[in-house]
Amino acid sequence: MSKLPTYSGRLQPPTAVKRPPSDNGMDEAAVSPEKKSRTAGGRATQPSKPAAGRGGLKRSFSVANVSAVGGQKDHSKNSLASSKFRSSTLSLIGRPSSVSSSVLANRVPTGLNGRRPGANITNHVSSRPPVASKVSSTNKSLGSEGKSKRPGWDLKGRLQDMEALLKSREVEQKEWMKKFEEYDTRIVTLESEKTHLSHDLVQTTTSYEANQEEIESLRRNLRKEQDERCPEKNNYENTIQSLTFSKSNLERQVNSLDAEIAARQEEVAGLKFTVSELSSTQAGMEARLKSTESLLVERNQQITEMMAQIEEQKRKIEESNEKLQQGEMVRRKLHNTVLELKGNIRVFCRVRPLLNEEIQNNANSDVIHHINFIDEHTLEVGKGDVNTSSMSGLKSRGNNFTEFAYDRVFQPTATQAEVFEEISQLAQSALDGYNVCIFAYGQTGSGKTFTMEGVPNDDELEGMIPRTVKHIFKNMEELESKGWSYKVEASFLEIYNETIRDLLASPKEAKNLTYELKFQDNKKNEIYVTNLKRIPVENEGKVHTLLNMAQQQRAVAATNMNEQSSRSHSVFQLRLSGENAKTGDSCEGMLNLVDLAGSERLKESKSEGARLVETQNINKSLANLGNVIMAIGQKQSHIPYRNSKLTHLLQSSLGGNSKALMFVNISPVEACLNETQNSLRFATRVNQCHIGVASKQIKK
Ligand SMILES: Nc1ncnc2c1ncn2[C@@H]1O[C@H](COP(=O)(O)OP(=O)(O)OP(=O)(O)O)[C@@H](O)[C@H]1O
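The rules behind each value
- Residues numbered from 1 in each chain as written.
- Predicted model: local features only at pLDDT ≥ 70, side-chain atom pairs only at ≥ 80, totals over all residues.
- Helix = DSSP H or I, 4+ residues; strand = E, 2+ residues; numbered from the N terminus.
- Buried ≥ 20, exposed ≤ 12 C-beta atoms within 10 Å, placed from the backbone.
- Contact = placed C-beta atoms within 7 Å.
- Core = buried A, V, L, I, M, F, W, Y, C linked by C-beta atoms within 7 Å.
- UniProt positions renumbered as here; feature names shortened; annotations may be inferred.
- Pairing = 2+ DSSP bridges.
- Axes fitted to C-alpha atoms, helices over the stretch in contact; angles between N-to-C directions.
- Parallel < 35°, antiparallel > 145°, perpendicular 65-115°, else oblique.
- Left-handed = near helix turned anticlockwise from the far one by under 90°.
- Nonpolar A, V, L, I, M, F, W, Y, C, P; charged D, E, K, R; others polar.
- Expected span 1.5 Å × (residues − 1).
- pLDDT = per-residue confidence, 0-100.
- Bend = angle between axes of the 7 residues up to and from the residue.

What follows concerns the overall build of the chain. Assigned secondary structure in the chain consists of 20 helices and 16 strands. Considering the chain as a whole, with its 700 residues, one finds that 30% of them fall into the buried category. In the chain, 72% of the contacts between residues at least 6 apart in sequence involve partners at least 24 apart.

Once that is clear, we can look at the nonpolar core. Grouped together as the largest cluster of nonpolar side chains are 80 residues, with contacts concentrated most on Cys349, Ala430, Ile438, Tyr441, Met662, Val664 and Ala683. Setting aside anything within four residues of it in sequence, one finds isoleucine 438 in contact with Ile423, Leu426, Met464, Asn592, Leu593, Val594 and Leu661. With five residues, the next largest nonpolar core counts Trp176, Tyr183, Ile187 and Leu190 among its residues.

Looking at where tyrosine 486 falls in the secondary structure, it is placed in strand β9 (residues 484–496). A count of 19 C-beta atoms within 10 Å places tyrosine 486 in the partly exposed class. Residues tyrosine 486 and glycine 578 lie 92 residues apart in sequence; the distance between their C-alpha atoms is 4.3 Å. With near-sequence residues (within four places) excluded, tyrosine 486 lies in contact with Met476, Leu576, Ser577 and Gly578.

Moving on, we get to the UniProt feature "binding site: ATP" (unreviewed entry) in the chain. The sites that carry the UniProt feature "binding site: ATP" (unreviewed entry) are, in the present numbering, Gly442, Gln443, Thr444, Gly445, Ser446, Gly447, Lys448 and Thr449. Structurally, threonine 449 is set in helix α12 (residues 448–452). Residue class for threonine 449 comes out buried when judged on the 21 C-beta atoms lying within 10 Å of it.

By the bridge criterion, four bridges tie β9 to strand β10 (residues 499–502) in an arrangement that is antiparallel. Counterpart to tyrosine 496 in the pairing with β10 is threonine 499.

Another point: the environment of arginine 575. Note on placement: arginine 575 falls in strand β14 (residues 569–580). Between the C-alpha atoms of arginine 575 and lysine 487, which are 88 residues apart in sequence, the distance is 7.9 Å. Discounting residues that sit within four places of it in the chain, arginine 575 has contacts with Glu489, Arg534 and Met590.

What follows covers the packing of helix α11 (residues 416–431) against helix α13 (residues 464–480). Contact geometry for α11 and α13: axes closest at 9 Å, N-to-C directions at 50°. Regarding the angle of α11 to α13, the classification is oblique. Classified by chirality, the crossing of α13 by α11 is right-handed. The residues of α13 that touch α11, namely those facing Phe420, Ile423, Ser424, Ala427, Gln428, Ala430 and Leu431, are Met464, Arg467, Thr468, His471, Ile472, Asn475, Met476 and Leu479. Its residues assigned to classes, the contact of α11 with α13 comprises nine nonpolar, five polar and one charged.

On to unusual backbone geometry, then. A positive phi is found at asparagine 497, a non-glycine position, where the angle reads about 50°. As for its placement among the helices and strands, asparagine 497 is situated in the loop between β9 and β10. Even without being glycine, glutamate 498 reaches a positive phi, approximately 60°. With respect to the helices and strands, glutamate 498 occurs in the loop between β9 and β10.

Now for the packing of α13 against helix α15 (residues 540–553). Orientation of α13 relative to α15, taken along the N-to-C sense of each, is 160°, at an axis distance of 9 Å. Classified by the angle their axes make, α13 and α15 are roughly antiparallel. For the element pair α13 and α15, the recorded crossing hand is right-handed. Between α13, through Ile465, Pro466, Val469, Lys470 and Phe473, and α15, the contact on the second element is made entirely by Glu540, Val543, His544 and Leu547.

The end-to-end C-alpha distance of α13 is 24 Å, a good match for the 24 Å that 17 residues give at a rise of 1.5 Å each. What α13 keeps buried is the set Met464, Ile465, Pro466, Arg467, Thr468, Val469, His471 and Ile472. Turning to α13, the residues buried within the fold contact α11, β8 (435–442), α12, α15, β14 and β15 (586–595).

With that settled, the discussion passes to the pairing of β8. A regular strand places its side chains on the two faces of the sheet in alternate fashion. Among the eight residues of β8, eight are classified as buried, and the element is accordingly described as predominantly covered. The alternating pattern of β8 places Asn435, Cys437, Phe439 and Tyr441 and Val436, Ile438, Ala440 and Gly442 on opposite faces, both of which are buried. Looking at chain direction, β8 and β15 are connected through six bridges and run parallel. When the sheet's bridge partners are listed, asparagine 435 is paired in β15 with methionine 590.

We now examine the sheet that holds strand β3 (residues 378–382). Reading across the sheet, the three strands line up as β2-β3-β6 and stay open at both edges, with antiparallel pairing between neighbours. Edge strands, defined here as strands with exactly one partner in the open sheet, are β2 (371–373) and β6 (401–405). Averaged over neighbouring strand pairs, the angle between their axes works out to 20° when direction is ignored. As defined by bridge partners, β2 adjoins β3 across three bridges and the pair is classed as antiparallel. Bridge pairing links asparagine 372 to glutamate 380 in β3. Of the strands in this sheet, β3 and β6 touch helix α20 (residues 673–687), which is tilted by about 145° from β3.

Glancing now at the confidence of the model for the chain. It should be kept in mind that the predicted coordinates are not to be read in detail where pLDDT is low. For the chain, the average pLDDT comes to 75, and 69% of its residues sit at 70 or higher. Here residues 1–146 scores under 50 on pLDDT; set against residues more than four positions off or in separate chains, the count is 161 contacts. Segment residues 555–565 is flagged for pLDDT under 50; beyond a separation of four residues in sequence, or across chains, it makes 29 contacts in the model. Reported confidences for the modelled complex are a pTM of 0.54 and an ipTM of 0.98.

Let us now look at α11. The end-to-end C-alpha distance of α11 is 22 Å, a good match for the 22 Å that 16 residues give at a rise of 1.5 Å each. Residue glutamate 422 marks the point of greatest curvature in α11, where the axis turns by about 45°. Listing the buried residues of α11 in full gives Gln416, Phe420, Ile423, Leu426, Ala427, Gln428, Ser429, Ala430 and Leu431. Note on α11: the residue one or two positions beyond its end, glycine 433, has a positive phi of about 100°.

Here it is as structure tokens:
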């Protein structure tokens, strides 16, 4: 009685305790602050392990209750013995709900579907009458009593207060007990639910595990399936890759085909344009073709007329050809007449140029001081310098110069072709059936061989013999169209020391042969050489072969005048026999090309011994040649042909029925002036001769 409990301290909210991790089910928002305080306070006395079943929970609560009220085991009993344990019960006033809520919070499981079965409980608890407020009011009343604190001596009053308080506590306890019964009912329900839920949980767990196994099995099957499908998958992937590649290829091809199609389309457009152009062109062409066809008809008519004209022309041409034949005969007669008028023996003078060595000896000058060329027929020769007029540049005659005039004078610059131009008519005469004699006269080294033969195998420098042969063969071809055909034979001989040698026969062939001059039996004045070879010549090439052959056979002896001086007369003869199949005409001509031996005087040549005899014979024959020509010119009754082999051989070519041409070759060396003057005088005498009218040789 002396110690009364202090209610104010008991009614203070307990210190908040951290909620254990297992307490996860209670909704804090649904719990009132009052409940919270009760729950927090209850935990301090709550058993650490939850009861396993309904009984356990109830026991736990009972223990707590007992503990709270001072060890009383039965709640109902407790209510009946309230007075005995009044003070203890007072200490519990602020906490019963906290025990219940704590227990509930820990006992109620969370449903599998997330719904908490304890939610109803919470609502139920929260709908309780607010105990704390009652306590608070009680405390207030006590407080107010406290304010009007009874004096210590008022024990009776204080006891009344206590009894009033106790009564209110009992009422309150009854409420609590009622609540507890509700809780028990609720707990039973919850236990039942829990059992169901546990059963569900077991089933669910079993189902879950079965599902897990099935899932695992399915996974295994899936993996197995994947493993089995792997190669196939790779194949498919490869196929897909190749198909992708093919696709990209095809796409490229498609692109290129598109481009090509576009190009082709352009091309087609261009072609269409071209076709249209061509069509219009074709139309034009067709129109032109029509006009051409009509023109063609006209032309055909014209052609027919022209064909008739051609036939007429052919007839006229035949008539003309006949007249041409007659004209050819007239031409030959006229040609012969012209030559006759020119003189049957003509003289050409040719001065060769200074040779290199001679130029050096002439103070390195090629000027020829002692010869003055006046015109193409005249030159003058003399001692001393030729004066040069400062006004005209023309040379004037010196006092000591002698003038010589010939049919033609060739200066040193004259070419072989220019010289041949002048004698080509003689070659023609040989084809026409005349005897022609061309000979070169002059001192040794004056250019006789150069003029007659020239430089072998050199088209520019070839001499009169090869050029004459060419000319003859060319004319023979032309005459073929007029019906003429010719047979050509060549002989080549030399007269050395009055002895005839065949230059076309080898020494072996000529060994036991004698070459004599005789008259042809059936031909008057026709001289021939016994045993002399006559070689048929089919073309000009053959003549070159014969010239080369003869060149080797010629007797060449060195003298003081010319190291390769020819000491013999060489005579190249071409016999030309022609027949005209159309007219029946025939002719025989003889061409003599004579390279005479050097004409130098004895004292000039300084020859001795055999050379002296050579020189004497040469001079004798040359002198006789002059005599024969003079006799012919003077028309003497006796012509001394037989005084030398040369004149005897050339008898038929020097007579009245022949055409003769003499080259007088002149050396430009001033030291040879005397010989030059002698040669020119000899040529002048020949030039003054008139050897009669040439007559054509008719083949018999
Ligand atoms: N017109 C010319 N142009 C250039 N060189 C020439 C001419 N005439 C002659 N010659 C040269 O002069 C030299 C003597 O000439 P060629 O041998 O023809 O004299 P030739 O009178 O025949 O002597 P020979 O009586 O000794 O035979 C030769 O080297 C020759 O090439």
